[in-house]
Amino acid sequence: MPQQAFEKIGVIGAGSMGSNMAMLFAENGLHVSVFDVKAQNIDNLAPVFRDGLEPELHSRIVSYKEYPPFLDSLGGANVPKLFVLSIPHGSAADKVLEDIDNYLCTGDVILDGGNEWYENAQRRQKALQPRGISYISMGVSGGYQSARRGPSISPSGDRDALQKVLPLLERFAAKDPKTGQPCVANLGPAGCGHYVKMVHNGIEQGILGIVNEAWEIMYKCLHIDLDEISEIFGKWGEEGELRRNFLINIGAEICGRHHPDGPPSHVVNEVQDKVVQDADDSEGTGIWSVMEAARRHVSAPTIASAHFFRIASADRAQRLMVVHNLGESIGAARKQHVEDAARGEFLEDLRLAVYCATLASFAQGLNLIARASEDEGWGVDLASCIRIWREGCIIRSEYIADLLQPLLEKEGKVTNVLTLKRVGEEVARTIPALRRVVQRTLEWNAHIPTLSASLEYYKYCAGKHLPSQFMEAELDYFGAHSYDKKSEGAGEVKKGKHHVEWKRA
Ligand SMILES: NC(=O)C1=CN([C@@H]2O[C@H](COP(=O)(O)OP(=O)(O)OC[C@H]3O[C@@H](n4cnc5c(N)ncnc54)[C@H](OP(=O)(O)O)[C@@H]3O)[C@@H](O)[C@H]2O)C=CC1
Ligand SMILES: O=C(CO)[C@H](O)[C@H](O)COP(=O)(O)O
């Protein structure tokens, strides 16, 4: 029997995501109650909702500074309620669940829309399930603009509860402009929705690094002015391999944005070169993606290099001490003179290099999801991940989605995206451009941790004879770690059978 759909939703956490989702829920026919721990945050919402919503919807959202009236507005302690949490990861959600515990009852559904560590989500789901309360691990992507207009959503958890809320989430989610399909899918059991969102952010971190490096090469090395870079990014984002690539599209807008008042100046030029959200622990997904890749033995150097670059960027004061110690020239990108004709050719190489490296970031992320899904028995469908990332999210990239979705749908279970024939053809077609860009920009001393790591990734993944032959011998020399012999074929991922007494102890 179909369950009665919810008519009300309680949004807990009225920050940039929560407040915008509240308005979108109101537009999707729900009565919305909003709560935040800080009274000031609730006071700040009044003008936001007044200006952001059509007048006839104003009465659909009511904000609360205390839990009891907030929870009563949703029906109180004995009526099944729908919540969405949009708060920082970690202890905040545990505190919320503790605070509202007396009001929770069988049939309640809690959508955790934060960037949560998947094991926290699994723990909460396990604790609430015996009481008939469904905790849904719900990745939400696309930043606050998408929270307002339609995000990409990766929910997972109790199947019946998800069945009940999926029609609402399908209305709420971004729609693929090609097919009109909502960018949401039930990804599997508890925790994996947050895992997929974590990896989305890992891939995002890789692409942010790649685009960042392309920007420096154009701006600092080739001395292209920002308005022209805006046009270049604009063209890249219109057609070809980078079409409708969100981070390229917004790169065009960022480079073209001038201060409206005063003498002409670009906003991006006043931005300090620090990315701090990993280092101040406000965001965990980048860190966890790197940890998970290492823990599950999945090679993900594009994602990891972008991450370590960000960490080094965060503490500018410490960096300046290193600059003082090592000298300025070591870390400074150098200006180059490139003839006009050669410049066009180089920019085309750069465009393809950005694509080739972006494909590496996707491959690494998908391989990580595949491995985690296998380890945990989640059964995550990689094609569904690509489908829900087609619109509304930060890593949306039409060409890559058009390439990967049909391949993954056809193949079903894939453990390594680089083994797919069409992906191989794409890498073969574009890696020469990536190689040329890395080669030249290395000479220019540009910062290219992510581009160069992506090149090396392809090189070692496609290496028939790796120098690790020598590494294995060294490991055997000092650690008696033993090795497999070439004559024995590929063998398993297991300790070898042979040891040589290289030197007596
Ligand atoms: N910003 C983005 O682009 C995206 C963010 N996310 C995730 O969504 C979640 C919310 O992000 P965002 O809106 O950007 O963050 P904000 O900091 O803007 O909002 C979080 C809100 O939750 C409040 N809060 C903190 N602790 C509690 C609590 N225990 N109970 C109730 N409210 C609480 C905060 O109050 P206070 O002001 O006191 O801190 C704040 O108002 C995070 O998990 C984030 O990682 C997901 C996708 C995109
Ligand atoms: O979740 C997000 C987008 O999807 C948030 O924007 C988040 O802040 C991204 O952080 P990071 O780049 O550190 O992963």
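All figures in this text were calculated on a predicted structure; none of them were measured in a lab. (Residues numbered from 1 in each chain as written. Chains lettered and ligands numbered in written order. Predicted model: local features only at pLDDT ≥ 70, side-chain atom pairs only at ≥ 80, totals over all residues. Heavy atoms only, no water.)

1. Here we look at the sheet that holds strand 4 (residues 82-85)
To be explicit about the condition: Strands qualify as paired when DSSP identifies two bridges or more between them. Helix and strand definitions here come from DSSP, where helices need a minimum of 4 consecutive H or I residues and strands a minimum of 2 consecutive E residues; each element is numbered from the N-terminal end. Every axis corresponds to a line fitted to the C-alpha atoms, with the helix fit spanning only the stretch in contact, and the corresponding angles, defined between N-to-C directions, vary from 0 to 180 degrees. The contact criterion used is simple: two residues touch if any of their non-hydrogen atoms lie within 4.5 Å.
Spatially, 3-2-1-4-5-6-7 is the arrangement adopted by the seven strands of the open sheet, whose pairing is mixed. Every other strand in the sheet has two partners, leaving strand 3 (61-64) and strand 7 (152-156) as the edge strands with one partner each. Here the strands of the sheet are splayed against their neighbours by 25° on average, with no regard to which way each runs. One ladder, built from four bridges, connects strand 5 (residues 109-112) with strand 6 (residues 134-141); its direction is parallel. Of the residues in strand 6, the one forming a bridge with Val-109 is Ser-134. Relative to the sheet, helix 2 (residues 39-52) contacts strand 2 (31-35) and strand 3, its axis offset from that of strand 3 by approximately 165°.

2. Concerning the UniProt feature "domain: 6-phosphogluconate dehydrogenase C-terminal" (unreviewed entry) in the protein
To keep it simple, the criterion reads: UniProt positions are given in the numbering used here, feature names are shortened, and annotations may be inferred rather than shown by experiment.
In this numbering, the UniProt entry assigns the feature "domain: 6-phosphogluconate dehydrogenase C-terminal" (unreviewed entry) to residues 193-503. Annotation note: span residues 193-503, helix share 62%, strand share 0%, distance between end C-alpha atoms 52 Å.

3. Quick look at the site of ligand 2
What counts, and what does not: By convention in these notes, a residue is near a molecule or strand provided one of its non-hydrogen atoms lies within 4 Å of it. Polar contacts, as used here, are pairs of N or O atoms within 3.5 Å; protein pairs need one atom able to donate a hydrogen and one able to accept it. Residues neighboring in sequence count only if both atoms are side-chain atoms. Using a 1.4 Å probe, the Shrake-Rupley method yields the accessible areas, and only the shown protein chains count as cover for residues. Classes in brief: Ala, Val, Leu, Ile, Met, Phe, Trp, Tyr, Cys and Pro nonpolar; Asp, Glu, Lys and Arg charged; the others, Gly included, polar.
Surveying the vicinity of ligand 2 reveals the residues Asn-115, Ser-141, Lys-197, His-200, Asn-201, Glu-204, Gln-277, Asp-278, Glu-283, Thr-285, Arg-310 and Ile-394. In the model, an oxygen atom of ligand 2 is placed 3.4 Å from a nitrogen or oxygen of the Ser-141 side chain. One of the side-chain nitrogen or oxygen atoms of Asn-201 is found 3.0 Å away from an oxygen atom of ligand 2. Contact with the protein chains covers 84% of the free accessible surface of ligand 2, which is 380 Å². Sort the elements by how many residues they give to the shell around ligand 2 and helix 8 (residues 192-221) lands first, with four residues. Tallied by class, residues from the shell around ligand 2 come to one nonpolar, six polar and five charged.

4. A word on helix 19 (residues 468-479)
Just so we agree on the cut-off: Take the number of residues in a helix, subtract one, and multiply by 1.5 Å to get its expected span.
For helix 19, spanning twelve residues, the distance from its first C-alpha to its last is 15 Å, which sits close to the expected 16 Å at 1.5 Å a residue. Just past helix 19, the residue Ala-480 takes up positive phi, approximately 50°.

5. Things to note about the domain arrangement of the protein
Stated formally: Note that the domain bounds reflect an automated or database-derived domain assignment.
Here the protein is described as being made up of domain 1 (8-190), domain 2 (197-461) and domain 3 (465-505). Using only C-alpha atoms to locate each centre, domain 1 and domain 3 end up separated by 53 Å.

6. Considerations on the site of ligand 1
Around ligand 1, a shell composed of 22 residues is seen, among which Met-17, Asp-36, Asn-41, Ile-87 and Asn-115 lie nearest. The side chain of Asn-41 places a nitrogen or oxygen atom 2.9 Å from an oxygen atom of ligand 1. Taking Ile-87, its main chain carries an N or O atom lying 2.7 Å from an oxygen atom of ligand 1. Those elements that provide at least two residues to the shell around ligand 1 are helix 1 (16-27) and helix 4 (91-100). Counted by class, the shell around ligand 1 contains nine nonpolar, nine polar and four charged residues.

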